[in-house]
Structure formats: C-alpha cells, structure tokens
Amino acid sequence: MRFFVFSEKVINRLWVIAYFFVFSLIPMITRNIIPHDMIENLYWGKELQLGYAKHPPLFAWISYLFYRLCFSWPESLYILTQLNLLLGFYFVFKIAQLIFDDEKKAYGSVLIFMASACAELGNEKFNASTILMSLFPAMYYFFIRLLKYNRNIDAIWLGVFSALAFVGKYFSLLYIGCIGLFLIYHKKCWKFFKTPQIYIAAITFIACISWHVVWIYENDFITFKYAMEKSIYYPKDYFSAVNFLVMQCLLFSTAFWAFGHSCLGRIKFLPREEHSMKEKFIIFINIVPNVFLFMISAITGMRIGSFWGTNMLMTIGVYLLVLNPNFDYNRLQIFVKRISIFFAAALFLKLGVARYFLREYDPTNAINIREISGKIEKDWRKNFGDQRIKILKTDKATAALHMHLKDSPSSYDIKRCKLFEVHDLYPPNEDVAVAFLCRKNDGEIERFRKLYNGNILWENTIPVINGSFIYYAFVNVMENSHDRR
C-alpha cells in the first residue's frame, strides 16, 4: 500500500514537471521575440528603480534578476513564467492541506485549476498580472495559518506577502481589503482584534511597502495616475463588466467541466450549509472580490482588462471541494491530463501557426532581432570603437534590441520616469542609437532627419518584408556633432 501511494506521488510530480517543460518550451519554439510585456520588464528591471511609470517594481526586478542569472537569455522568462505558476500551485496545495488534511483533495485542488484555460492560455507571460498567481495563494495560505494557529510568525509572513502583492500590482489592494473585510464580517474572527497578531501583520505590511510609498509620493503618484487613466479616466465602458464576467466564465469553464466529470453527486456552486471559519474564508475570497469588481465596473464604467481574472480564482479547486467533498480523484486526473494536452496543442497552434501566416503580412512577426542587433553593433564599433552604447531609442517593434545588444543600453529614462522616445531630443550631449520600423514612402525617416537637423552620425536600413524595413541611426544632439565622424 505504501509503495502504491509513493508511486502515485511520483506520477503526480512527474506530470507537473512535464507540464512545466511543455508550457515553457512551446513559446520558445513558436515566437521569434518574447512578448512586449516581458521586454518592458527587462528595460525597467535593469535600472533597479523603486518604481516605474506604469507599475510597481517587483515583477521587473524578478524578471531582470532571473534573466541575468540565465546568462542574459531572453527566452528564460518563459521558464520564469512557469516557475511562478508552479509556486502558485504549491501554495494552493498547502492551503488545501490546511483545510482538508487530505492529500488527494490537496492534489485535486491543484488539478482543478490546472484544467482551466487560465492556467495555460492566460499564463503565457510573466507580468504585473501573472505575478499575482503565486502571491495571492501565498497570502491566503498565511492568513489561513493565522486563523488556525494565531502565531506571530504567520502574521509576519502574511504582512510580507501582502506587501509583495502590493509592489507586484496595486490591484492586490482589493484582495488585501477583502481579507480585512472578512475579519470584520465573520463574528468568530472578532476575537483576533483582541490579540496582537493582526496588528503585527498590518505593521509588517506598512513597513515593507513604506519605501515604495515614499517613491510614489516623490514622483507625483505617477503609477496611480497611469492606473486611473487606464481604468477610471479611460473612456467609460459599461460593457467592460459584462466582458469581465464572460472572460471569467470562459477562462474557468473547463475547470468546472473537469470537476463536474469527477464529482460524485449533484454539484453545488454556492454554499448551502454551515462551514468552518477556514472554509468560509475560501468561499468569501473566491466570490466577494469578483462581485466587487463587477459591480464597480457596471456602476462606474471602469475599464477592466480581459485577463485581470487570471489571478483571481487560483483557489477555485479548493472552493469546489469545500462545497462538494465527494469526487473521483482518478477520473479528475485523467481528465486534466487530456485537457492539458489539448491546451498545449491549442497554444502551439495559436502561437506557431499564427506566426507562420502573419510573418508574410505583418513585419513585426518577421523581424530577426538577433541579426539586426549584430549589424547595429558592427556599425557602432566601426564609428565609435570601444565606446559603449549607453542609450537606445526604439519604437515598440524594435524594443527587444536592448536585450540583444552586448552593451545592454538603457531604454528607460529614470529621471523623467518614461521611455526614451525616438522623436525626443533628450538626453542632450549623448551619442544615442535609434531604431524603428518603417514602411516604404511613409515619410518617417524624413521627419526623423528633420528633427535631428544634421546631427545624424551614421544611418542604415535593413529590409524586412513587403517594403518594410528597419531604419537605425547613431545621433548626437550637440550642435555640429556630425563633425565628430
């Protein structure tokens, strides 16, 4: 019997490892450039600032550190994406162990989430949204431990992971607020207000985010302004709430299908009986934030991103097993393996086939960044010798160049908290490399030459497809700088 249990554990772990490798490998072999979100991570992260124009800094720091540990290999971020998801799986497993004290239900809780489209198709890249797929379950885990054991160490870890979630994405404040709301809502939790642990967690949280709060204040709340512009100040969209709800249903429909396939009895989706305090928290945290976000958007017209929900229901498996404790683990396991294979094929087709057809029509899918970076470096050395490329200005199509140029130039202006822009003369007194995608006869190069008014030290073009080409130049905005050639 012991040997059977051990074998089952090994099989489960091997399946998770295979899952990790497959979903790391697919984008590596089907994409020619990593997604723009992850390119941004790297040009922010290399500056190691306390915050950036769009987002708090945690995911950018982690991305750049991992990238450097992997010998500046951009595709390593696909591995980081899956490691982040595996960490989320681990904490979901630990949460289920705390609640059920049953290893099969713990594995089942992970498998139900693995069956969702969110786990595969909504987790293609590591960014401000997907980092919460590990941080939210960690935050819930230590909160449940605090409810169960009421220990100082769990309060400290709750504060730490809440702070990490905050400096991952400000959206996490909704969930941190919901944890506080649960303490107020549930009468059995009122006793915790008479003990020091809740206050230890709050003080730890405030202490851990204080440096970033100071940065926000010193930079005129730039990240909050960006978040407000993208959601509240953006043109009102009352359909956004419906779109959010539809996307949640689509992302997690296969998780419900997987559980329905294995459930022994009629499925309950809403609580109809008394539950323990820990179980009530799982029910609360899966329902209330979604309801809040939907209602806020429906009433105010606030725009909600289609994939904001990727991190919102990591504990959907725990939720379903709390409400429906009887299930067939073997049937669930078989179903999840099949649906994961289906999603792997779907992702391969989505990325690979789409790229194959689009590269004949869309030049951004045909750009060979490594080849272009090699030509730029060769021409730079020809003109400036061993002088380092310090600053690179690009458009979105060529932004990945900063990862491949050996000098690792800066693309982010830390003084002004913004990207260096192609059509911006700042910074003065610097030799700058500039690259952007052009189309034949679109007049972009002429506008560029007029802007720099004779200060172009070198220029060249590289053809892409269908009359499109990469234009790159070396410039200096100092007067008569062209005489330095």
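Note that the coordinates shown come from a computational prediction; the quantities given were computed from them, not determined experimentally. (Residues numbered from 1 in each chain as written. Predicted model: local features only at pLDDT ≥ 70, side-chain atom pairs only at ≥ 80, totals over all residues. Heavy atoms only, no water.)

1. Concerning the packing of helix α7 (residues 132-149) against helix α9 (residues 173-185)
What counts here: In this analysis an axis means a line fitted to C-alpha atoms, helices contributing only their contacting stretch, and an angle means the value between N-to-C directions, from 0 to 180 degrees. We count a stretch as a helix when DSSP gives it H or I for four or more residues in a row; a strand needs E for two or more, and each element gets its number in order from the N terminus. Convention used here: angles under 35 degrees read as roughly parallel, angles over 145 as roughly antiparallel, angles from 65 to 115 as roughly perpendicular, and any remaining angle as oblique. For any pair of crossing helices, the crossing counts as left-handed if the nearer helix is rotated counterclockwise from the farther one by less than a right angle, and right-handed if it is rotated clockwise. By definition, residues are in contact when any of their heavy atoms lie within 4.5 Å. Charged residues are taken to be Asp, Glu, Lys and Arg, nonpolar residues to be Ala, Val, Leu, Ile, Met, Phe, Trp, Tyr, Cys and Pro, and polar residues to be all remaining types, Gly included.
Remark: α7 packs on α9, axes separated minimally by 11 Å, with the N-to-C direction vectors making an angle of 20°. Considered as vectors, α7 and α9 are oriented roughly parallel to each other. In terms of crossing hand, the pair formed by α7 and α9 is right-handed. Residues Phe136, Met139, Tyr140, Phe143 and Leu147 of α7 form the contact with α9, whose participating residues are Tyr175, Ile176, Ile179, Phe182 and Leu183. In terms of residue class, the contact of α7 with α9 is made up of ten nonpolar, no polar and no charged.

2. Quick notes on the sheet that holds strand β6 (residues 468-476)
Stated formally: Strands were regarded as paired on the criterion that DSSP finds at least two bridges between them.
Spatially, β1-β4-β6-β5 is the arrangement adopted by the four strands of the open sheet, whose pairing is mixed. Unpaired on one side and paired on the other, β1 (392-394) and β5 (456-463) mark the two borders of the sheet. In this sheet, neighbouring strand axes are inclined to one another by 15° on average, regardless of whether the strands run parallel or antiparallel. Both β1 and strand β4 (residues 431-439) contribute to a ladder of three bridges, which runs parallel. Opposite leucine 392, over in β4, you have alanine 433 as the bridge partner. Sheet strands touched by helix α16 (residues 369-384): β4, β5 and β6. Its angle to β6, the strand with the most contacts, is close to 30°. Packing against the sheet, helix α18 (residues 444-452) makes contact with β1, β4, β5 and β6, and its axis sits at approximately 5° to β6.

3. Section: the confidence of the model for the chain
The cut-off we apply is this: Each residue carries a pLDDT value, the predictor's own confidence for that position, ranging from 0 to 100.
When the pLDDT values of the chain are averaged, the result is 88; 94% of them are 70 or greater. Within the chain, helix α8 (residues 152-166) carries the highest mean pLDDT (97), whereas helix α1 (residues 2-30) carries the lowest (76). Every residue in residues 479-485 scores below 50 in pLDDT, and together they form 15 contacts with partners more than four places removed in sequence or on other chains.

4. A word on unusual backbone geometry
Of the consecutive residues tyrosine 426 and proline 427, the connecting peptide bond is found in the cis state with omega at 0°. Although it is not a glycine, phenylalanine 71 adopts a positive phi angle of roughly 60°. Looking at where phenylalanine 71 falls in the secondary structure, it is placed in the loop between α3 (58-69) and α4 (76-100). In the Ramachandran plot, asparagine 150 falls in the positive-phi region, its phi being about 55° despite a non-glycine side chain.

5. Quick notes on the pairing of β4
Keep this limit in mind: For each residue, the accessible area found with a 1.4 Å probe, counting protein chains only, is set against the maximum for its type, and the residue is called buried under 20%, exposed over 50%, and partly exposed in between.
Among the nine residues in β4, eight count as buried, and that is most of the element. In the sheet, β4 pairs with β6 via nine bridges, with the strands oriented antiparallel. Residue pairing across strands places alanine 435 opposite tyrosine 472, the latter belonging to β6.

6. A few points about the nonpolar core
Let me state the cut-off plainly: What we call a nonpolar core is a set of buried Ala, Val, Leu, Ile, Met, Phe, Trp, Tyr and Cys residues that are connected through their side-chain atoms within 4.5 Å.
Residues Phe113, Met139, Leu147, Tyr175, Phe281, Val318 and Phe474 are the most contacted members of the largest nonpolar core, which totals 146 residues. Filtering out sequence-adjacent residues up to four positions away, phenylalanine 474 remains in contact with Ile376, Asp379, Trp380, Asn383, Phe384, Val432, Ala433, Asn455, Ile456, Leu457 and Trp458.

7. Points about the packing of α4 against helix α13 (residues 277-300)
Where α4 meets α13, the closest approach of the two axes is 9 Å, and the angle between their N-to-C directions is 140°. As judged from the angle between their axes, α4 and α13 are oblique. Seen from above, α4 lies across α13 with left-handed handedness. Judged by residue contacts, Ile95, Leu98 and Ile99 of α4 engage Lys278, Glu279 and Ile282 from α13. A per-class count over the contact of α4 with α13 returns four nonpolar, no polar and two charged.

8. Section: the packing of aromatic side chains
As a reminder of what qualifies: Pairing of aromatic rings covers Phe, Tyr and Trp, the last through its six-membered ring, and needs centres within 6.5 Å; plane angles under 30 degrees mean stacked, over 60 mean edge-to-face, and all others mean tilted.
Overall, the coordinates contain 46 aromatic pairs when judged by the stated rule. With a centroid separation of 5.6 Å and an interplanar angle of 70°, the aromatic rings of tyrosine 52 and tyrosine 412 are classed as edge-to-face. Residue tyrosine 52 is found in the loop between α2 (36-45) and α3, and its partner tyrosine 412 is found in strand β2 (residues 412-413); the two are separated by 360 residues along the sequence. Since its relative accessible area comes to 0%, tyrosine 52 is described here as buried. Residues phenylalanine 436 and tyrosine 471 carry aromatic rings whose centres are separated by 5.2 Å and whose planes lie at 45° to one another, so their mutual orientation is tilted.

9. Quick look at the pairing of β6
Taken across its nine residues, β6 has nine buried, putting it largely inside the fold. Every second residue of β6 is oriented toward a common face, with Ser468, Ile470, Tyr472, Phe474 and Asn476 on one face and Phe469, Tyr471, Ala473 and Val475 on the other, all of them buried. Here β5 folds back onto β6, and the loop between the two strands holds four residues, one of which, asparagine 466, carries a positive phi near 50°.

10. What to know about the pattern of salt bridges
Using the following cut-off: Basic side-chain nitrogens of Lys or Arg form a salt bridge, by our definition, when they fall within 4 Å of a carboxyl oxygen of Asp or Glu.
Within this structure, the stated rule accounts for 16 salt bridges. Its salt-bridge partner being aspartate 413, residue arginine 416 comes within 2.8 Å of it at the nearest N-O pair. Aspartate 413 gets classed as buried once you look at its relative accessible area, which sits at 3%. Among the charged side chains, a salt-bridge network with shared partners connects Arg31, Glu124 and Lys350.

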